[in-house]
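Reading the structure
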Amino acid sequence: MFIAIILLLYEGFNVNEPPLARKGKGLTQNNHLSTWPSYLHMYSFVFLLHTLEAGAISIQSPQRSLTRSVQDDVFFSVDVTCNGVHTIQWTFMSGAVSRTIGTWQPGVYTNITVDYLSRVQSFDNGSMGLSDLRLQDAGYYVVTVAERGGSSQDAGFVLKVNEVLYEDLQYLAVSALALACLAGLLMLAMWLLDRAYRKIVAWRRRKQMPETDATELQPL
């Protein structure tokens, strides 16, 4: 590819060179017209260089929209290819906040922010793992690959985090069980108190019965 560009540039500067035998006004007009192909070749050369520079970075991902539940883990899978030395940066954006998750250069350094230090795992191919998801993690994730020459490329991911419903059901079940146990204890306490009350009443009646009988059997 680079050899073809060099040949194209060389041809643009030499193929339309005006003849030396031309003189006077006709020579000036021919020289003026002959510069246009050279300019076209130069513009083509610059365009090809720009195309190569833009195509030097490639970000491929099998899936851009992800759905997970609270406390799950998510893996943002990408495959970054770059001709030169590059850095990778992940950013989180939502309607309320926008913050950097981490920046790293494969095989050189890794810099993860404090908020994500215990939950983020970085990979040399640009992928990122995020563990212990929360509802606040739902939003838009952007990976930016930047080359030393100044060129960069972005790729975006959408993450949706669902609240786990069975946790609410489990909470309701535990609450209902606790209330049932409390109601059972109250019923047992009321039954024991009723039994004790009946025994106390019966004991008092038995205690009073002999005195009444002795009074009734005394002779006149």
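Structure first, text after, so check above.
Within each chain, residues carry numbers counting from 1 in the order of the written sequence. For this predicted model, a pLDDT threshold of at least 70 governs which residues receive local features, and a threshold of 80 or more governs which side-chain atom pairs are given and counted, while totals over whole chains, interfaces and linings are taken from all residues. Values shown for side chains rest on all heavy atoms present in the structure; no hydrogens or waters enter the calculation.

Some words on the sheet that holds strand β11 (residues 152-162)
Definition in use: Only when DSSP finds a minimum of two bridges between them are two strands counted as paired. Secondary structure is summarised from DSSP: a helix means a run of H or I of at least four residues, a strand means a run of E of at least two, and numbering begins at the N terminus for each. In this analysis, axes come from line fits to C-alpha atoms, helices being fitted only over the stretch in contact, and the angle between any two N-to-C directions falls in the range 0 to 180 degrees.
The strand order β2-β11-β10-β5-β6-β7 describes an open sheet built from 6 strands, whose pairing is mixed. Only two strands of the sheet have a single partner each, and these edge strands are β2 (65-69) and β7 (109-112). Across the sheet, the mean angle separating the axes of adjacent strands is 20° when strand polarity is ignored. Pairing analysis gives 5 bridges linking β2 to β11, with the strands arranged parallel. Paired with R68 across the bridge in β11 is V161.

As for the packing of aromatic side chains
Operational definition: For this analysis, a ring pair means two rings from Phe, Tyr or Trp (six-membered ring only for Trp) whose centres lie within 6.5 Å, classed as stacked if their planes differ by under 30 degrees, edge-to-face if by over 60, and tilted for the remaining angles. Each residue is assigned to one of three classes by its accessible area relative to the maximum for its type, calculated with a 1.4 Å probe on protein chains only: buried under 20%, partly exposed between the two thresholds, exposed over 50%. Each ring is checked for a lysine NZ or an arginine CZ that lies within 6 Å of its centre and within 35 degrees of its normal; such an atom marks a charge sitting over the ring.
Enumeration over the complete set of coordinates arrives at 6 aromatic pairs. Judged by centre distance (5.4 Å) and plane angle (45°), the rings of F76 and W90 are tilted. Taken together, the positions of F76 in strand β3 (residues 74-76) and W90 in strand β5 (residues 86-93) put the pair 14 residues apart, joining distant regions of the chain. In terms of burial, F76 and W90 fall into one category: buried. An aromatic cluster of at least three residues, connected via ring pairs, comprises F76, W90, F92, Y141 and F157. For the cation-ring pair, R64 lies above F157, with the distance from its terminal atom to the ring centre recorded as 5.5 Å.

Some remarks on unusual backbone geometry
Non-glycine residue Q71 carries a positive phi angle of around 75°. Inspection of the secondary structure assignment puts Q71 in the loop between β2 and β3.

Structural notes on the side chain of Q105
Along the chain, the position of Q105 falls in strand β6 (residues 98-105). We classify Q105 as buried; its relative accessible area is 14%.

Structural notes on the sheet that holds β3
The 3 strands are arranged β3-β9-β8 in an open sheet whose pairing can be described as antiparallel. Edge positions in the sheet fall to β3 and β8 (120-122), since each has one partner strand and no second. Each neighbouring strand pair of the sheet contributes to a mean axis angle of 15°, computed without reference to strand direction. As defined by bridge partners, β8 adjoins strand β9 (residues 128-130) across 3 bridges and the pair is classed as antiparallel. Along β9, the bridge assignment pairs S122 with M128.

Details of the nonpolar core
If you look at soluble globular proteins, the nonpolar side chains tend to sit buried side by side. Which entries qualify depends on this criterion: Residues enter a nonpolar core if they are buried and are Ala, Val, Leu, Ile, Met, Phe, Trp, Tyr or Cys, with the set joined through side-chain atoms within 4.5 Å. We call two residues contacting when some pair of their heavy atoms lies within 4.5 Å.
Residues F76, W90, I101, M128, L130, Y141 and L159 are the most contacted members of the largest nonpolar core, which totals 28 residues. Elements with a minimum of two residues in this core: β1 (57-60), β3, β4 (79-82), β5, β6, β9, β10 (139-147) and β11. In terms of residue count, the dominant contributor to this core is β11 (4 residues). When sequence neighbours within four positions are dropped, the list of residues in contact with I101 reads W90, T91, F92, I112, T113, Y116, V120, M128 and Y141.

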